[in-house]
Amino acid sequence: MNAEWNIRACAATCIRCQRPFADKEMLSSRLRFTPEGYLRDDFCAACWPQRGQPDEEVSAWAAQWHAPEQKAPEPLKKETAESLLRELMETDDPSKRNVIFILAVMLERRRVLAEKEVQIQPDGLKIRVYEHRQTGESFVIPDPQLRLREIEDVQHEVMDLLGIPPPPDKNAPPPAENESKDAENSENG
Ligand SMILES: [Zn+2]
């Protein structure tokens, strides 16, 4: 597994002393860039000062741990920008890189994700690290540095995937009215 993007959830135990975190406990987290890719470490307050490999740290932050809630099953599975982003990040498909990035930008604007860090890798690839405001997960997403024209194309692709109809095209002829009128008449008659 060596995808250029990934999601890293908060651990349930301290990586150093292995103690399970308590609900509402303050912990410290960091993201490291290693030869194996991005790794996330979560520490209890006592272990944080003892951590090693500070030179590999891309981002470090404090967070409050929340015990996972028992989720009620969702009656209706509706595709949202977030569920689509998660699905695409499960894949290793490089052709989805642009869509993944645009979805992340959308979710940042909606204040679902918060940008924590921007990193330039040795090969020049720009990486953006986002934090999910609710779950505390880290989203590591490469920035394809799209041009404006490309952004519009990708936005259309995203709308398609989300099943959102495109905005009306000014150049397109107005929709035919005959059909709907006929339908109304037959209903009345
Ligand atoms: Zn610890």
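Everything discussed here concerns the structure shown above.
Quick notes on the rules
Residues numbered from 1 in each chain as written. Predicted model: local features only at pLDDT ≥ 70, side-chain atom pairs only at ≥ 80, totals over all residues. Heavy atoms only, no water. Donors = N, O, S within 2.8 Å, 3.2 Å for Na, K, Ca; no water. Helix = DSSP H or I, 4+ residues; strand = E, 2+ residues; numbered from the N terminus. Buried < 20%, exposed > 50% of the residue type's maximum accessible area, 1.4 Å probe, protein only. Core = buried A, V, L, I, M, F, W, Y, C linked by side-chain atoms within 4.5 Å. Contact = heavy atoms within 4.5 Å. Salt bridge = Lys/Arg side-chain N within 4 Å of Asp/Glu carboxyl O. Pairing = 2+ DSSP bridges. Axes fitted to C-alpha atoms, helices over the stretch in contact; angles between N-to-C directions. Expected span 1.5 Å × (residues − 1). Parallel < 35°, antiparallel > 145°, perpendicular 65-115°, else oblique. Nonpolar A, V, L, I, M, F, W, Y, C, P; charged D, E, K, R; others polar.

Student: Kindly report on the coordination of the zinc ion, identifying the contributing residues and their values.
Tutor: The protein atoms that coordinate the zinc ion are Cys 14 (SG), Cys 17 (SG), Cys 44 (SG) and Cys 47 (SG), at distances spanning 2.3 Å. All donor residues of the zinc ion come from one chain, and their arrangement in sequence is C-x2-C-x26-C-x2-C. Taken together, the residues span a long stretch of sequence, with Cys 14 in the loop between strand E1 (6–8) and strand E2 (26–34) and Cys 44 in strand E3 (residues 37–44) at a distance of 30 residues. Comparing Cys 14 with Cys 44 shows no difference in burial state: the two are buried.

Student: Break down the nonpolar core for me, citing the residues and quoting the values.
Tutor: Ranked by size, the top nonpolar core spans 24 residues in total, and within it Leu 85, Leu 103, Tyr 130, Ile 141 and Val 158 carry the most contacts. Secondary-structure elements contributing two or more residues to this core are helix H1 (81–90), helix H2 (97–109), strand E7 (138–143) and helix H3 (148–162). Broken down by element, the residue count for this core peaks at nine residues, all from H2. Ignoring sequence-local partners within four residues, the contact set of Ile 141 consists of Trp 5, Leu 85, Met 89, Ile 100, Phe 101, Ala 104, Lys 126, Ile 127, Arg 128 and Tyr 130. Val 58, Trp 61, Ala 63 and Val 129 belong to the second-largest nonpolar core, a separate cluster that totals nine residues.

Student: For the pattern of salt bridges, give the residues involved together with the corresponding values.
Tutor: Enumeration according to the criterion identifies 17 salt bridges in this entry. We note a salt bridge from Glu 57 to Arg 30, for which the minimum N-O separation is 2.7 Å. Of this pair, Glu 57 sits in strand E4 (residues 57–64) while Arg 30 is found in strand E2, placing the two residues 27 residues apart along the sequence. Under the relative-accessibility criterion, Glu 57 is labelled partly exposed at 22%. Between Glu 115 and Arg 128 there is a salt bridge, and its shortest N-O distance comes to 2.9 Å. Here Arg 128 lies in strand E6 (residues 126–132) and Glu 115 lies in strand E5 (residues 113–120), a separation of 13 residues in the sequence.

Student: So what's going on with the sheet that holds E7? Residues and values would help.
Tutor: Sheet architecture is open: four strands sit in the order E1-E7-E6-E5, paired in antiparallel fashion. The sheet is open, and its two borders are formed by E1 and E5, each paired with just one other strand. In this sheet, adjacent strand axes meet at a mean angle of 25° when their direction is disregarded. Across six bridges, the pairing between E6 and E7 is antiparallel.

Student: Tell me about H2, residues and numbers included.
Tutor: Over its 13 residues, H2 extends 19 Å from the first C-alpha to the last, a length consistent with the 18 Å expected when each residue adds 1.5 Å. Val 99, Ile 100, Phe 101, Ile 102, Leu 103, Ala 104, Val 105, Met 106 and Leu 107 are the residues of H2 that are buried. Buried residues in H2 make contact with H1, E5, E6, E7 and H3. Arg 111 occupies a position one or two residues after H2 and carries a positive phi of about 65°.

Student: Let's hear about the packing of H2 against H3: which residues, and what values?
Tutor: Any two packed helices are characterised by how steeply their axes cross, that is the angle between the axes, and by the distance between the axes. In the contact formed by H2 and H3, the axes pass within 9 Å of each other and the chain directions differ by 80°. The angle between H2 and H3 falls in the class roughly perpendicular. Here Asn 98, Val 99, Ile 102, Leu 103 and Met 106 of H2 come into contact with H3, specifically with Ile 151, Val 154, Gln 155, Glu 157, Val 158, Leu 161 and Leu 162. Considered class by class, the residues forming the contact of H2 with H3 number nine nonpolar, two polar and one charged.

None of the figures reported here should be taken as evidence of function without further support.
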